[in-house]
Amino acid sequence: MTLLRRRGLTVSLCAAGLWLASLAPALAQDALDSGDTAWMLTSTALVLMMTIPGLALFYGGMVRQKNVLATVMQSFAVCCLVTILWMVAGYSIAFTDGGAFNAWIGGSGRFFLAGIGTDSVTGTIPEILFVMFQATFAIITPALICGAFADRMKFSAMLWFMALWLIVVYCPVAHWVWGGGFLADDGVLDFAGGTVVHINSGIAGLVAALVIGRRTGYGTDNMAPHNLVYSVIGASLLWVGWFGFNAGSALAANGLAGMALAVTQIATAMAALAWMFAEWVLRGKPSVLGIISGAVAGLVAITPASGFVTPTGALWIGLAAGLVCFWMVTWVKSVLRYDDALDVFGIHGVGGIVGAILTGVFAAPEIGGAAGLLSGNPGQLWTQIVGIVATVIWSAIGAFVILKVLDLTIGIRVSRDVEIEGLDVNLHGETIH
């Protein structure tokens, strides 16, 4: 009888052991939060929507009809290209430990997403979800650059430029700010991409516009947008998607995400109104292109600040962004006569700089734990300027070198005849009517 009891106890212990073993995967994922994961799945889809279809329509409506297909093709192709490059190397370079070189660049431990399984966790969400969320940021940043050289760059050269720029420029800057690099150590505040995305793309866009040169007929031919309805739809999709961009950067479904969403809405509305009224006063009429441009300027400027400022701070950031970007696009650009076709530098570069600087002014410790100038920490303003300067220098040098190498090898600009006839039919063999 005692022997039977011992055997029964042994069987029970074995069963308990098997039961505990079956729970091991679940226990390993205890750090996961289903609500956070659901929100980040949603945010990832929202940010992807910003590029396709948002940016594609926004840019596609602003070019001439003969180039609309080539323009939307750029956004779509960049989305595909960057997705693969991010999986192969980009994520690892941006977000892993680079050892002795970690201040400047990440390592190779996650090349081809090696070692990431369903039980890999980043904070309270699956690591693979964090990879894909960050992939959408990597996608839209080079896609933004395309607006600067619209109507005149070879498709093949564009693909080479975007691939090289992503690895050489975007990934290191993302590592500096978000991956544990030197700007993160210095305390630069960039909640959702003021430096990493907007200043980075804006400066690269300006360099590309200068290196490639002005469009044929710039200043004399009619280059008005062919379909502003497309652009309004695109801007609207950008605005909605930006909630995933900014509120999603909290990486959790919490109060910080809610505040980021609120300040994004407030700053965007304020910037759109500021641009609209400035144009109304100075030019006599409020234009559709003006109000949507102002909205995008507000979205850009609030991005670095969205996890650090109060609604009142957001109001001032939106006002500054709308007025400064309006001035850059309508006056400075015409005086300097550089052909940033769709105002990538004027809105993203300048708006990103305005937002990054004002983050250092309005950052409130009760929101994101960091204090700015108005909260008694004037040093944060200098820290923000250091982050801006570092990003500007690296992006400008990287873009310039890549473009020059490509120009010497495969050429970067279409011929004059192709440009005059249109990129759609010549580069893609298609047209719209």
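The structure contained in this document is the topic of the report that follows.

Cut-offs applied
- Residues numbered from 1 in each chain as written.
- Predicted model: local features only at pLDDT ≥ 70, side-chain atom pairs only at ≥ 80, totals over all residues.
- Heavy atoms only, no water.
- Helix = DSSP H or I, 4+ residues; strand = E, 2+ residues; numbered from the N terminus.
- Rg over C-alpha atoms; globule rule 2.2 N^0.38 Å.
- Contact = heavy atoms within 4.5 Å.
- Areas by Shrake-Rupley, 256 points an atom, 1.4 Å probe, with all protein chains shown as cover.
- Patch = residues over 30% accessible without salt bridge, like charges linked within 9 Å, V, L, I, M, F, W, Y side chains within 5 Å.
- Salt bridge = Lys/Arg side-chain N within 4 Å of Asp/Glu carboxyl O.
- Buried < 20%, exposed > 50% of the residue type's maximum accessible area, 1.4 Å probe, protein only.
- Core = buried A, V, L, I, M, F, W, Y, C linked by side-chain atoms within 4.5 Å.
- Bend = angle between axes of the 7 residues up to and from the residue.
- Phe/Tyr/Trp six-rings, centres within 6.5 Å; stacked < 30°, edge-to-face > 60°.
- Axes fitted to C-alpha atoms, helices over the stretch in contact; angles between N-to-C directions.
- Parallel < 35°, antiparallel > 145°, perpendicular 65-115°, else oblique.
- Left-handed = near helix turned anticlockwise from the far one by under 90°.
- Polar contact = N/O pair within 3.5 Å; in protein donor to acceptor, adjacent residues only side chain to side chain.
- Expected span 1.5 Å × (residues − 1).
- Disulfide = S-S within 2.5 Å.

## Remarks on the overall build of the protein chain
If you tally the helices and strands in the protein chain, you get 16 helices and 2 strands. For 433 residues, the compact-globule formula gives about 22 Å, and the C-alpha radius of gyration of the protein chain, at 24 Å, lands near that figure. Along the three orthogonal principal directions, the C-alpha set of the protein chain runs to about 105 × 50 × 45 Å. When contacts within the protein chain are restricted to residue pairs at least 6 apart in sequence, those whose partners lie at least 24 apart make up 78%. Surface exposure of the protein chain reaches about 17500 Å², of which carbon and sulfur atoms provide 70%.

## Looking at the environment of Phe-345
Here Phe-345 lies in helix α12 (residues 344–362). Residues Phe-345 and Thr-268 lie 77 residues apart in sequence; the distance between their C-alpha atoms is 18 Å.

## What about a nonpolar patch on the surface?
Residues Trp-382, Ile-385, Val-389, Ile-393, Ile-397, Phe-400, Val-401 and Val-405 make up a contiguous nonpolar surface patch of roughly 730 Å² in combined accessible area. Along the chain, Trp-382 turns up in helix α14 (residues 379–409). A relative accessible area of 58% places Trp-382 in the exposed class.

## Observations regarding the nonpolar core
The biggest cluster of nonpolar side chains holds 121 residues, and the ones touching the most others in it are Trp-86, Phe-161 and Tyr-170. Broken down by element, the residue count for this core peaks at 14 residues, all from helix α5 (residues 155–178). Excluding residues within four positions of it along the chain, Phe-161 makes contact with Ile-145, Met-153, Ala-399, Ile-402, Leu-403 and Leu-406.

## A closer look at α5
Within α5, the axis deviates most sharply at Leu-166, by approximately 45°. Of all 24 residues making up α5, 17 are buried, and the element is well covered by its neighbours. In the stretch just after α5, Gly-180 is the one whose phi turns positive, near 95°.

## Re the packing of aromatic side chains
Describing an aromatic ring pair means giving the distance of the ring centres and the angle of the ring planes. Inspection of the entire model under this criterion finds 20 aromatic pairs. Aromatic side chains Tyr-91 and Phe-130 sit 6.3 Å apart centroid to centroid with 75° between the ring planes, which places their arrangement in the edge-to-face category. Of this pair, Tyr-91 sits in helix α3 (residues 68–95) while Phe-130 sits in helix α4 (residues 127–145), and the two are 39 residues apart along the sequence. What makes Phe-130 buried here is its relative accessible area of 8%. An angle of 10° between the planes, with centres 5.8 Å apart, marks the rings of Phe-277 and Trp-280 as stacked.

## Structural notes on the packing of helix α10 (residues 288–302) against helix α11 (residues 311–336)
Running from N to C, α10 and α11 point in directions that differ by 130°, and their axes come no closer than 8 Å. With respect to α11, the element α10 is oriented oblique. α11 is crossed by α10, and the crossing has right-handed handedness. Where α10 abuts α11, its residues Ala-297, Gly-298, Ala-301 and Ile-302 lie against Ala-314, Ile-317, Ala-321 and Cys-325.

## Examining the side chain of Thr-44
Relative to the helices and strands, Thr-44 is located in helix α2 (residues 34–62). The exposure class assigned to Thr-44 is buried, which follows from its relative accessible area of 12%. Only 2.8 Å separates the side chain of Thr-44 from the backbone oxygen of Met-40, close enough to count as a polar contact. Once residues within four sequence positions are removed from consideration, Thr-44 is found in contact with Leu-129, Met-132, Phe-133 and Thr-136.

## Some words on the environment of Gly-219
Mapped onto the fold, Gly-219 is located in the loop between α7 (194–212) and α8 (228–246). Relative accessible area serves as the criterion here: at 62%, Gly-219 is assigned to the exposed category. For the pair Gly-219 and Ser-334, spaced 115 residues apart in sequence, the C-alpha separation works out to 9.2 Å.

## Observations regarding the pattern of salt bridges
Counting across every chain of the model gives 7 salt bridges. Between Asp-343 and Lys-333 there is a salt bridge; the shortest N-O distance is 2.8 Å. You can see Asp-343 sitting in the loop between α11 and α12 and its partner Lys-333 sitting in helix α11, a full 10 residues away along the chain. Assessed through its relative accessible area of 10%, Lys-333 is described here as buried.

## What to know about α14
For α14, built from 31 residues, the straight-helix expectation of 45 Å at 1.5 Å per residue is met to within 8% by its first-to-last C-alpha distance of 46 Å. Directly beyond the C-terminal end of α14, a positive phi value near 80° is found at Gly-411.

## A closer look at unusual backbone geometry
Along the chain, Ile-52 connects to Pro-53 via a cis peptide bond; the corresponding omega equals 15°. Within the element layout of this structure, Pro-53 appears in helix α2. At Leu-251, a position not held by glycine, the phi torsion is positive, near 60°. Relative to the helices and strands, Leu-251 resides in the loop between α8 and α9 (255–283).

## With respect to the packing of α3 against α4
Between α3 and α4, whose axes approach to 9 Å, the crossing angle comes to 120°. Comparing their axes, α4 and α3 come out oblique. For the crossing formed where α3 meets α4, the hand is right-handed. Contacts between α3 and α4 involve Val-78, Cys-79, Val-82, Thr-83, Trp-86, Tyr-91 and Phe-95 from the former and Glu-127, Phe-130, Val-131, Gln-134, Ala-135, Ala-138, Ile-139, Pro-142 and Ala-143 from the latter.

## Some thoughts on the state of the cysteines
Overall, the coordinates contain 0 disulfides when judged by the stated rule. Summary of cysteine pairing: Cys-79 is not part of a disulfide, and the nearest cysteine sulfur, belonging to Cys-80, is at 5.3 Å. Under the relative-accessibility criterion, Cys-79 is labelled buried at 9%.

The quantities given are spatial measurements derived from coordinates; they are silent on function.
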